[in-house]
Every structure is written in C-alpha cells, then in structure tokens.
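# Coordinates in review
If you want the building blocks of each chain, they are given just below.
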Amino acid sequence: MQIEIRHIHKRFGSIQANDDISIVFPAGRIVGILGENGAGKSTLMKILSGFQTPDEGEIWIDGQAENYRGPQAAIALGIGMLQQDPLDVPAMTVMDNFTYGAPGAFWLGHSHLREQIQSTSAKIGFDLSPDQMVNQLSIAQRQQLEIVRLLALGVRTLILDEPTTGISSDQKEQLFHTLMELAREEGMTILLVSHKLEDVITLCDEVIVLRAGKLVGQREMPTTKSELVHLMFGQQLTEERRNERDIAQSNIVLQLDDFTVETQRLSVEPITLSLHEGEVVGLAGLDGSGQQPFMRACTGLMKGAGGRLRLDGEDMLGRGYGEFRRAGVAFGAAGRLEEGLIAGLTLIEHVALSQASDHWMGVLDWQKAGAEMQTRISRYDIRGAGEDMIEALSGGNQQRLLISLLPEQPRLLVIEQPTRGLDVDSVRAIWGQLLARSEQGAAILFSSSDLDELVTYSDRILVFFEGRTHLIEDPSQTTVSDLGHAIGGAFDSVQGEHVRA
Amino acid sequence: MNHTPRSLGLRLVFLVLPLLVALFVSAVILLLLNQEPGEVLRQAWRGAFGNERRIASVLNYWIPLSFAAMGLVITFRAGLWNIGIEGQMIMGAVFATYIPLYVPLPPILTISLSLVLAATGGAIWAVLVGVLRNRFGVHEIFGGVALNAIAAGISLYLVRGPWALVGNNNQTPVFPRETWLPTISDRFGVSQLMLILLVIAVLSIIFLMGRSRWGLQLKATGRNRQSALLLGVSVRSVSLSAFILCGALAGIGGAHRVLHTYHYLLPNVAGGIGFLGLLVVMLSGFHAAIVPLVAYFMAALSAGSTRFQTLLRLDPSLIDVLQGILVLTYVLFSGIQDRFFPRIREGNEEMKKEITTNE
C-alpha cells in the first residue's frame, strides 16, 4: 500500500512537533526516518498509526483520503506501529496479549489462535511460546510478539520506533532479516524511526530527515553516514574519547565483596569490585543477563542476596532505597515515564519535587522553582517550557530532564541506559553532565546496549552473560566487535578476568 | 503562550449542563410515578431552604459531609481509595462519646477534648488501613471495607452493651445538656464552632494542595508511586500522612454527629455520609475548592427528601435514585468533556501566572 501524507501539522503546548510535513511512502520499501530528539519523528509516526490526530493535514492511503482516529482504526486500514516501549500487558501470557486486540467472535477460538501465533512466528523466524508470561520475556521477544500480533491483524505497513534499543546484535540481525523479507516478498511498507545511523544504512532503501518539526531532506540509499549527520544537524560531529585520568589512587566509594543478587529467573554469581571516586564502570550484556537486578541491588531498590556491600566503608546490605539515597546514591531508570518522571506533572513540579525544601513549613516557592527550571532548561538544553506536562516532551528531552533532576554532587550514580534512544548530540550533552559529576568525585555505574558508548565512556567494563560476569580492565584495548562477542558469552575474546572470589 | 487550559466558561457549562440533564431525567422518572415534577422540586426546595430551621438542618448534614469529603480530597490526591472513611467517622463518633458520658469536666474542656479524641480515633482507624497497605500489601479498599465492618461492630457492641441506655438498646444515654455544642440560635441550630473549624480545614487543605511541598509529594505519589520514590519522596510516609489527616477530619465529622446532631451514640451514627463523601469528591472532579459546594448541594437534596415522604407519600429512597442519576450524568459528561475538549494542561493556575510574569 502507498501512504501519502499532506501538510501535517501538530502542536503540543508551546512545541510545534510537526510543521507542514508532506511525504509519500511507496509500497514495498523500507524508509528510515531520521532526526535528532524532538525533531517530530515519533509524533509523525503516532499520527500515522492513529495514536494521535493531526491538528491539520490529510493522510491518503492508496489514493484515497482517510480520516481515522485511534490505533484500532489505523490497524483496520493496514497501518500498525511497534512502540519504543512495547504496549503489552505484562501480567498476561503471550497468548492473552495476542488475543485481546484481535477482532472476531466473542468466544475465543484458542486452538486456532495458538496455531496462528506459532505459524506466524515460525514463518518469520521468531520463537514465541504462547503460554509464556509477558513479564518474563526480553524486550526483543516482546517486540517479536507485537510484530506477530500486528501481522496477524493484517497490517500492511509496519512502523517501528527505535526497535534496536535494548536488544542484542544477533536479535537485531534477525529483526532486520525479517523486515527485509516482509518488504521484498510481501510488499509491505516498513517505516523505521531510529537514531542509529548504522541501522538505517544497513536496512533502509530511502531516508527522510526531520529537523525541528520540518522535513529537511530525503535521500535514496546508499548514502554516507556523514551526509546523514549533516542533514540531521547541519554540521559534522567528531568522535571524542575521554581523557585518561588516574583514578586508582582515589577513595573507594562502592566496595562489593562476593556480592550476589538473585531473581526468580537468574542468580548473579558473586561479584567482587571496588568502585573509586571519579570512576565510570559500564555494564555490558544482553537484556536479562543480570545487570538490571545488579544495578537495583546497588541502590537498595532490591535486596542483595549475599556477600557485602559497603558505601564509603559503611555496610549497606539489606537497607532500603531511602537510606542509599541519603548516603548519596542516585538512580536513573531506563523506563523514563514508568520510573523517574511522573506523567501529569509539569516540568516545574518535577524540579520542585526533587529539590530540598528550605521553608520551615514546607511551603513551595513556585517562583524560585520556576527560575531554577529556567536555569536547567538552558543548561541541559531541554526543549520545552516549565509549565508543559512532562508527557508532552520528546523522549530525548524527558531524558535530559531526568538527568537534570539527579543530585548535583552524588557519591554514586547508577544509571540504566542513560542515552537510550537519543541522538548523537544529546548523547554528548548527557555524558558531558555525567562526566562533570564524575570529575567532582562521583562514581558512575551505567548499563548500555550501545557498545560504542560502553567502550567510549567506561574506565572499566563489567560484562554480564547469564549471571556470570567478566571484568574488562582496559576498554581502550578492546574493540567493539570483541565486546560484542563477550556479551554473547565468549569471555575469552577479551582480555580481563572473571570477577570471582 | 499557546496553552489553552479549559476556560472557566467551559468548566461552568460542564458543571451546570449535567445538572440540567439530571433534572430532566429525574422529571421523566417522577412523571412515570404519576408525580408532578414541578411540585416535587418545589417541595424539595422548601424542604431545603423553606425556613431557618430547614436551612440549619441542611447545614448540619453539610458539615460532617464536608469534613469527610475534604479528607477524601487528600487521599484521592495520593491515589488512595479510602473506602474506610465510613468506619473512620464511626470511630470518631465513638471516641467523642466517652467524655460527655462518663467524665464530668467543664463544657469547654469536654468539647475540645472530645474533638481531639474524635480526630485521634478517626486517624487511628485510617492508619490501620495505611499500615495494612504499606506493611502487608492489603489493598486499601479491602482493608477499608473490613475496618468499616469492625467499626460498625464496635459501635453496636458499645451501644448494646457497656454504654447502653437502660430500657433502650439502640442508643446510649443522652449527653448532659451542657456538653452539647453551642449553636448560633435556638431556631438556627448550627454549631458556630464546627463551621469555623470547617472553614479552617477547607482553606488549609486548598493551601496545602496547591502551595506546599507535601501537597506536591501527594500528587506525585498518586500519579506514579515508583517515580515519586525514585525522585526522593518517601511514598510510604506520604500515603500514611494522607490517611492520618483524612481519618482525623472524618473523625471530627463523626464527632459532629454525636456532639451536635444526636447528642448520643447510636449504631449507624455515620449514616452513609462517608460514602456520600466519596461521590461528592468525584463529582467535584477532585478539586478541593469545589467540594464544599457539591457537598452543600448533596446535603440539600438529602434534607429536601425528608419532606417527600410526609407530603407526597414518596419513598425517601427515591432520593438515592435521584443522586444516582446525578452521579451518572456527571460521569457521562466528564467523559464527553475529555473526548471533545481535551485538556492541554491542568494544574496550578497560581503557578502558571507567576511563571508567565517571569518571562
């Protein structure tokens, strides 16, 4: 099917998210949609998939103007979108998630649907078991579930928003293979929203570039990375590496001795690790390899199962998040709107909330909070106004706000996926803020699925694979592809040592 | 500024329109019952506003209802369903009963101590709900329902047992005359003390919600507990404090029932006022400032209905039907409003003003 959008406008509060956008997406093609954070990519895709309605403009499908509201209507017209955070219901099985959105008779024909899941997944090379609970699936599997579900609903145009964040390179290869087959053999239109230029270069036939809500470029592939960067930012970016610093001499902030973490699905082998002031340790690993529970246990959000955990010499094992926080630990979670920010609150309210009260009766000084917000907006380059609701901001701007809400002088920063889904410029801005804190003596523990990011910013890398760990002492001697092998379990491919007692 | 918050006009339309629709539907039902809707309305109006005495009886219903509803504003803001409010009112009434019955003290001391005890009783009952939730993971709705039943049981036991009036097992003895709350006048039997306390409560809650750090923490906890926790809000103590305050206000509402309305304790002393409070807060759209108005309307409806039976030979439970219709139309219209007039932003008008002037 061919989709044509004409003069789409959309505005959120003070932000013009889409400004007179007109494009044609022909059938059977894979189109990359590029743009830095807040450029309006997600908004445009949400309009196409019915999650939002445009303020102005028309959508023509196969030569016919269509005016639809809601994702159900879009799916009926053949347009389905895979959200950045899959929209499934965690406490239900794969089967149930598959079923609830399916049209049809009141009585659910279970055996028929079961077959449909299995045959559709088999056809495109996915491995989904209908009886698994969704909260036990990895992000990649949840994506697969969504894709299978949309395909079974007869979708002819598939929109994917940042599908490669949080999945391994093998899973990515498989996803891309599937997408190419769907486009080449089934004639489906695939729209890929991504910040990762490599992904777009590997996969797409064509790219369009948005900047500040406007369509600024359209290119047939192949084209070079630097040309795409040029289109996105109007300038070339150079890669930077961190300065070498001597951190071994500084004080130990976090000392782990035979520290273990257990979840229902996984137990992480004992870890012994000293984290010094100013040190940045990256946690690498596939989704679900143990790094998430490990990070939560280092912040008191989860209880460590055994061993010792000392913060500045004080034994903290078994204490709660509140005490960790008072000891100077700050945590930034990967799911921004689930853990970290509060939908329905304005930016200023977030700032007011995170600041210590200086009034004896706890009366809030909105004027001061507003001024503070202005400072942060300019310092962290947040695009939005203080009185905007947090959910009106783009993902990148939400992340910048989240970073700006972290304490100024923490002892230990634990951050999941600090730059997930962000463009190069924002990544650098955020790391600038994080590194500034580390230079003031904060120790940083971060996880990332971006191997470049891990190699670039880590002083040491702790690789997780199925609960086993391996410490890379000198990432500068490690290439991205070695690291890629290591997170797949081939610890021999990188120098370093098993972190074991 | 391109923000278009819902205009005051629109909000007023959506306050009045459902009321008219509800009146219309009610009129149809009355016609089906062979009643003259105009006459029923006139009787209801006279029942509520006919003379000083009737206005006073509306106010005497409105005061405890407003105390309960203002308390519920707090728990709703924290995202908590304090169904236990009814039990908290009962416990307030029970705690307020002891001193007037058994401890001879100067009236001023009796009244003030009774109010303090009532607030404590309500707060204890609410804390139980909070602790059940925080420590044992019992949802506040289940905890609340259970504690309501227990509170009703306790009041029944006291009324029938240790505190029973000889020869009547449905009430305690009547309190000594001097422990009754003083009223504005004999004809206008409304307690000025309770009115003042209510005004103070309403104003402080509006202020706390909009201007205090605690109010913001409540809102954050209500919207997203996990995020609030990560942003440094101690969500457990914030929810517990919401329960405590709500319970204390409900307890004072309960005290009004025994110290003023009845002057004795009886088994069903809260009389569903706590539950009605839940409706009032929902109808007010959870806005603290609107709550007293809606509560007044509900109180007038309830007072007006007492005349239905005597004058029109209508079953007084008809008023529940009419209140139900009102609730349904408001829910319906708030759905319509969200659908066709989506809110761009809501929040603190005061704050917005200040920010705009900053720029």
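These numbers were taken from a predicted model, which means no experiment stands behind them.

With that settled, the discussion passes to the overall build of chain A. Helix and strand counts for chain A stand at 16 helices and 21 strands. Expressed as a percentage of its 501 residues, the buried residues of chain A come to 55%. Partitioning the intrachain contacts of chain A with sequence separation of at least 6 by distance along the chain shows that 66% fall at a separation of at least 24. Carbon and sulfur atoms make up 47% of the accessible area of chain A, which amounts to about 20,200 Å² in all.

The next thing to look at is the sheet that holds strand β7 (residues 157-161) of chain A. Residue and element names in this part refer to chain A. If you walk across this open sheet you meet the six strands as β6-β7-β8-β3-β9-β10, and the pairing is mixed. The open sheet has two edge strands, β6 (79-82) and β10 (214-220), and neither has a second partner. The average angle at which neighbouring strand axes cross in this sheet is 20 degrees, direction not considered. Where β7 and strand β8 (residues 189-193) come together, five bridges link them in parallel fashion. Across the sheet, residue Asp-161 finds its bridge partner in β8, namely Val-193. Contacting β3 (30-34), β6, β7, β8 and β9 (206-211), helix α1 (residues 41-48) runs over the sheet at an angle of about 150 degrees to β8. Against the sheet, helix α5 (residues 139-152) engages β6 and β7, with an angle of about 175 degrees to β6.

Residues and elements named next belong to chain A. For the structure shown, the criterion picks out 25 salt bridges over all chains. Where Arg-411 meets Glu-277, a salt bridge forms, and the shortest distance between an N and an O atom there is 3.1 Å. A residue pair is termed long-range when its members are at least 10 positions apart, and Arg-411 in the loop between α13 (395-405) and β17 (412-416) and Glu-277 in the loop between β12 (267-276) and β13 (280-285) qualify at 134 residues. For Arg-296, the salt bridge identified is with Glu-339, shortest N-O distance 2.9 Å. Taken together, the positions of Arg-296 in helix α9 (residues 291-297) and Glu-339 in the loop between β16 (329-332) and α11 (347-354) put the pair 43 residues apart, joining distant regions of the chain. Taken as a pair, Arg-296 and Glu-339 share a single burial class, namely buried.

Residue and element names in this part refer to chain B. Domains assigned within chain B are domain 1 (6-35 + 314-359) and domain 2 (57-312). Relative to domain 2, the C-alpha centre of domain 1 lies at a distance of 25 Å. The partner domain 2 presents 15 residues to the 15 residues of domain 1 that form the contact. Here domain 1 meets domain 2 over a buried area of about 1,500 Å², counting both sides, of which 65% is carbon and sulfur. On the domain 1 side of the contact with domain 2, Leu-314, Ile-319 and Gln-323 bury the most area, a combined 34% of that side's loss. Seen at the junction of domain 1 and domain 2, the total is zero salt bridges. If you look at where domain 1 meets domain 2, you find zero residue pairs in polar contact (both at pLDDT 80 or more).

A separate point is the packing of α13 of chain A against helix α14 (residues 424-439) of chain A. Residues and elements named next belong to chain A. At a minimum axis distance of 11 Å, the contact between α13 and α14 shows a crossing angle of 5 degrees. The angle between α13 and α14 places the two elements in the roughly parallel class. In this structure, α13 contributes Gln-399, Arg-400 and Ile-403 to the contact, and α14 contributes Ser-426, Ile-430, Gln-433, Leu-434 and Arg-437. Each residue belonging to the contact of α13 with α14 can be placed in one class, and the counts come to three nonpolar, three polar and two charged.

Here we take up the nonpolar core. One finds Val-463 and Leu-483 of chain A to be the most contacted residues of the largest nonpolar core, which totals 151 residues. In terms of residues, this core owes the most to one element, helix α3 (residues 52-77) of chain B, which gives 15 residues. Residue contacts for Leu-483 of chain A: discarding those within four places in its chain leaves Ala-284, Leu-451, Leu-454, Val-455, Ile-461, Val-463, Ile-472, Thr-478 and Val-494 of chain A. Core analysis: the next-biggest nonpolar cluster, separate from the first, contains 44 residues, Leu-113, Ile-124, Leu-158 and Leu-197 of chain A among them.

Calculation rules
Residues numbered from 1 in each chain as written. Chains lettered and ligands numbered in written order. Predicted model: local features only at pLDDT ≥ 70, side-chain atom pairs only at ≥ 80, totals over all residues. Heavy atoms only, no water. Helix = DSSP H or I, 4+ residues; strand = E, 2+ residues; numbered from the N terminus. Buried < 20%, exposed > 50% of the residue type's maximum accessible area, 1.4 Å probe, protein only. Contact = heavy atoms within 4.5 Å. Areas by Shrake-Rupley, 256 points an atom, 1.4 Å probe, with all protein chains shown as cover. Pairing = 2+ DSSP bridges. Axes fitted to C-alpha atoms, helices over the stretch in contact; angles between N-to-C directions. Salt bridge = Lys/Arg side-chain N within 4 Å of Asp/Glu carboxyl O. Domains from an automatic or database assignment. Buried area = accessible area lost by both parts, 1.4 Å probe. Polar contact = N/O pair within 3.5 Å; in protein donor to acceptor, adjacent residues only side chain to side chain. Parallel < 35°, antiparallel > 145°, perpendicular 65-115°, else oblique. Nonpolar A, V, L, I, M, F, W, Y, C, P; charged D, E, K, R; others polar. Core = buried A, V, L, I, M, F, W, Y, C linked by side-chain atoms within 4.5 Å.

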